Amino acid sequence: MLRSHTCGELNLKDINREVTLSGWIHKVRDKGGLIWIDLRDRYGITQLLIEEGRSDASVVETARKLGREYVVKAKGTVVERESKNPNIPTGSIEIDLTDLQILNSSKTPPFTIEDDTDGGEELRMKFRYLDLRRQPLRKNLELRNRLSIETRKYLDDQKFFEIETPYLIKSTPEGARDFVVPSRMNEGQFYALPQSPQTFKQLLMVAGYDRYYQLVKCFRDEDLRADRQPEFTQIDCEMAFVEQDDILNTFEGMVKYLFSTVKQIDIPELPRVEYADAMKYYGSDKPDIRFGMKFVELNDVAQNKGFKVFDDAELVVGIVAENCADYSRKQLDKLTDFVKKPQIGAKGLVYVKYNEDGSFKSSVDKFFNQEALLSWAEKMNAGKGDLLLVLSGEKNKVRKQLNELRLEMGERLNLRDPEVFAPLWVVDFPLLEWDEESERYHAMHHPFTSPKHEDINLLDKKPGEVRANAYDLVINGVEIGGGSIRIHDRELQKLMFKHLGFSDEEAQEQFGFLLNAFEYGAPPHGGIALGFDRLAALFGGQDSIRDFIAFPKNNSGRDIMIDSPSVIADDQLEELKLKSVK
Ligand code: ASP
């Protein structure tokens, strides 16, 4: 028998029990007569005790041969520890060893297997199997596992079917580049890996499987960031015979269920914020509503007072930083530098201190007297002791800039606690968005999203104003998921393709299968997909999704452990007819 227990379960109730443990050598402390060993496995750490003179001589001898990460089998008796460690579940006991066997030796690992390791990111990725031995990563994967099980439980309970869809498909239009795979049997032709199972889940609705889900890998060939991976996992869902509210309610239920079962947190009803309001009050379609600091538009009180910068601006808009009127010159300069960074691009920052004595001190005192500044403060609902921060410029740009400043202030004032969760729905997204590069409208979500019925007549004249039955789930300023009610009418779908610049032939060639399916009784349907890696990272209180994926890729899309992507052999290329032999 290699083990009777794991390294994470023995405690005082097991005193005098004869046990066998197996695991990795975490640490050895040899104090001459006494040797303590920390033995580690997935479940925890248990302390082993060897006493020279009293323990078997062979046990002492073996112990002195051990190195970090050796794999051993240890037999002994559970005894109470003299100096207990209250921080770990096994901290009250140790194992008085009667037998110790080395099952395998180990090279010295290139970094320490500790919660705070000395290994840099690249090194840890190269030796990912060692990194995964560390407790924080193990905990992340445990959380991920819990989330996937609870997700399945909830959806199963709601009568969803998990159905697998193919990975070797043809392009899906989610707006990113496809990864492609050459077909050996069909010379010169390629499969595309799915950016999402979008068209398949819609076909499943036509097929009558009215509640589908899948925890599924999706592939997008995009530039990478900390929260993006070329392959990632979605909780992909679709429902038939539903309207937008049915979907929002079902998945609001799931969000609440996951928070309550996985984090023991009760989430109140999710606010539903229209896209236009999200932009107006937060300058973002994924607002972080853990804190207020909503935008207040100031055109009517700040313009036409002789300050040209404001007078020329399309929008003058500000936020109130509570109790920040005592900000020093230096702090204010820092904020100004922040908004002037090229990534943010504001020309300057106007501040108004609403002093405790009721007076105002601002960076625009030359143009605005005390009375004028009071009218700003009143409009912004500011009180004595508060700091008003104001930007101006072209509407869309200035909103984006103020969003950055708002988030920065939230950060500075510790209003963005990763253990506080504030989910919301953003609804009524625009259907189309203008693309400067191709000089035409693109589907903001994807071409299967339905326009709001009452906006269809705007399609010709004001396409940018048409709203879609599309929604995003946002938590703590992160877009966790999105979806829409789909078009299920062939004619409307054709009209959409036309507005997106597809000719009838192109639409037929790319999506003929879907258009054809719509001729065989397609039910009204809609769905959503949630980013599973992001959800896991969010539940774990972290920004980066990487440490919630067992084997992630680095910033250049490489797996540096297996060294991929890599060149392939000439005969492989030849077989695929990708290159002729020299
Ligand atoms: N397929 C969409 C996506 O991956 C989600 C959806 O519309 O259901 O973003």
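Described in the following lines is the structure provided in the data block. (Residues numbered from 1 in each chain as written. Predicted model: local features only at pLDDT ≥ 70, side-chain atom pairs only at ≥ 80, totals over all residues. Heavy atoms only, no water.)

## A look at the overall build of the chain
So the rule is basically this: Strands here mean DSSP runs of E at least two residues long; helices mean DSSP runs of H or I at least four residues long; both are numbered from the N terminus. For the exposure calls, accessible area comes from a 1.4 Å probe over protein chains only, and a residue counts as buried if that area is under 20% of its type's maximum, exposed if over 50%, partly exposed in between. By the convention used here, residues are in contact when the closest approach between their heavy atoms is within 4.5 Å. Every accessible area reported is derived by Shrake-Rupley at a probe size of 1.4 Å, with residue values counting cover from the shown protein chains alone.
The number of helices and strands found in the chain is 16 helices and 22 strands. Referenced to the eigenvectors of the C-alpha coordinate spread, the extents of the chain come out at roughly 90 × 75 × 55 Å. For the chain, the residues scored as buried account for 48% of the 582 residues in total. Summarising the internal contacts of the chain: among those between residues at least 6 apart in sequence, 65% fall at separations of at least 24. Approximately 29400 Å² of the chain is accessible, and the part contributed by carbon and sulfur atoms is 47%.

## Structural notes on empty space enclosed by the protein
Regions of empty space are outlined by a rolling probe, equal in size to a water molecule, passed over the atoms. Our working rule: For each structure, a 1 Å grid was placed over the protein atoms alone; sets of points admitting a 1.4 Å probe that cannot get out are labelled cavities, open sets with protein on both sides within 12 Å along at least five of seven lines are labelled pockets, and lining residues have an atom within 4 Å of a point. Grid points are joined across faces, edges and corners, and a volume is the space filled by probe spheres set on the points. Classification convention: Asp, Glu, Lys, Arg as charged; Ala, Val, Leu, Ile, Met, Phe, Trp, Tyr, Cys, Pro as nonpolar; all other residues, Gly among them, as polar.
Within the structure shown, the criterion is met by 1 cavity of 30 Å³ or more. There is about 50 Å³ of room inside the largest cavity. What lines the largest cavity is simply M125, R128, F551, P552, D559, I560 and M561. Here the residues of the lining of the largest cavity are counted per class, giving 5 nonpolar, no polar and 2 charged.

## What about the environment of V420?
By the secondary structure assignment, V420 is in the loop between α12 (395-412) and β17 (423-427). Linking V420 and R40, residues 380 residues apart in sequence, is a C-alpha distance of 32 Å. Setting aside its immediate chain neighbours within four residues, V420 contacts R290 and N476.

## Comments concerning a nonpolar patch on the surface
Quick reminder of the rule: Patch construction takes residues with relative accessible area above 30% that form no salt bridge. Like charges are linked within 9 Å, and nonpolar side chains (Val, Leu, Ile, Met, Phe, Trp, Tyr) are linked within 5 Å. Basic side-chain nitrogens of Lys or Arg form a salt bridge, by our definition, when they fall within 4 Å of a carboxyl oxygen of Asp or Glu.
A grouping of V180, F190 and L578 is seen on the molecular surface, where their side chains present a nonpolar patch of about 290 Å² in accessible area. You can call F190 partly exposed: its relative accessible area is 46%.

## What about the pattern of salt bridges?
Tallying each qualifying case throughout the model produces 46 salt bridges. One salt bridge connects D14 with R17, and the closest N-O pair in it is separated by 3.2 Å. The exposure class assigned to D14 is buried, which follows from its relative accessible area of 4%. The salt bridge partner of K84 is E80, with a shortest N-O separation of 2.8 Å. In this structure K84 comes out as partly exposed when scored by relative accessible area, which is 40%. Three or more residues are tied together by salt bridges with common partners; here these are R124, R128, D131, R134 and D547.

## Observations concerning the sheet that holds strand β2 (residues 34-41)
Short version of the rule: Strands were regarded as paired on the criterion that DSSP finds at least two bridges between them. In this analysis an axis means a line fitted to C-alpha atoms, helices contributing only their contacting stretch, and an angle means the value between N-to-C directions, from 0 to 180 degrees.
Pairing in this closed barrel of 5 strands is mixed, and the strands run β1-β2-β3-β5-β4 around the ring. Going across the sheet, the axis of each strand differs from the next one's by a mean of 50°, ignoring polarity. With 10 bridges connecting them, strand β4 (residues 71-80) and strand β5 (residues 93-104) associate as antiparallel partners. Within β5, the residue paired with V72 across the bridge is I102.

## A closer look at the nonpolar core
The test is simple: Residues belong to a common nonpolar core when they are buried Ala, Val, Leu, Ile, Met, Phe, Trp, Tyr or Cys residues joined through side-chain atoms within 4.5 Å.
Within the largest apolar cluster, 40 residues are counted, with the highest numbers of intra-cluster contacts made by L155, I235, F251, W425 and F539. For this core, the element with the most residues is helix α6 (residues 244-263), which contributes 8 residues. Contact partners of L155, with chain neighbours within four places excluded, come to F160, Y213, I235, C237, F251 and M254. Counting residues in each nonpolar core, the second largest holds 30 residues, with V273, A278, L424 and M496 among its members.

## Let's talk about the packing of helix α13 (residues 490-499) against helix α14 (residues 504-517)
Note the threshold: Take the far helix as your reference; a near helix turned counterclockwise from it by less than a right angle gives a left-handed crossing, and one turned clockwise gives a right-handed crossing.
Contact pair α13 / α14: the axes reach a minimum separation of 11 Å and the direction vectors enclose 145°. For the element pair α13 and α14, the recorded crossing hand is right-handed. Contacts between α13 and α14 involve R490, Q493, K494 and F497 on the former and, on the latter, D504, A507, Q508, F511, L515 and N516. Here the residues of the contact of α13 with α14 sort into 4 nonpolar, 3 polar and 3 charged.

## A few points about the sheet that holds strand β10 (residues 231-240)
Spatially, β6-β9-β10-β22-β21-β20-β17-β11 is the arrangement adopted by the 8 strands of the open sheet, whose pairing is mixed. The sheet terminates laterally at β6 (161-162) and β11 (272-274), the two strands that pair on one side only. Direction of pairing for β11 relative to β17: parallel, over a ladder of 3 bridges. When the sheet's bridge partners are listed, R272 is paired in β17 with W425. Against the sheet, helix α4 (residues 135-157) touches β6, β9 (211-219) and β10, its axis set at about 150° to β9. Contacting β9, β10, β20 (470-475), β21 (478-485) and β22 (525-531), helix α15 (residues 532-539) crosses the sheet at an angle of about 105° to β10.

## Quick look at a negative patch on the surface
Filter applied, for reference: For the charge count, each Lys or Arg is scored as positive and each Asp or Glu as negative, with His and the chain ends excluded. To locate a charge, take atom NZ for lysine, CZ for arginine, CG for aspartate or CD for glutamate.
There is a patch of like negative charges on the surface, built from D504, E505, E506 and E509. As for its position among the elements, E506 is in helix α14. Since its relative accessible area comes to 41%, E506 is described here as partly exposed.

## Some details on the pairing of strand β1 (residues 18-31)
Consecutive side chains of a regular strand alternate in pointing toward one face of the sheet and then the other. Summarising the sheet, β1 and β4 pair through 7 bridges and their orientation is antiparallel. Paired with W24 across the two strands is V71, which belongs to β4. Pairing of β1 with β2 involves 7 bridges; the strand directions are antiparallel. Residue I25 lies in a different strand from β2, and its bridge partner there is L39. In this antiparallel pair of consecutive strands, β1 and β2, the connection spans 2 residues, and G32 shows a positive phi of 80°.

Limitation: the analysis is restricted to geometry and does not speak to function.
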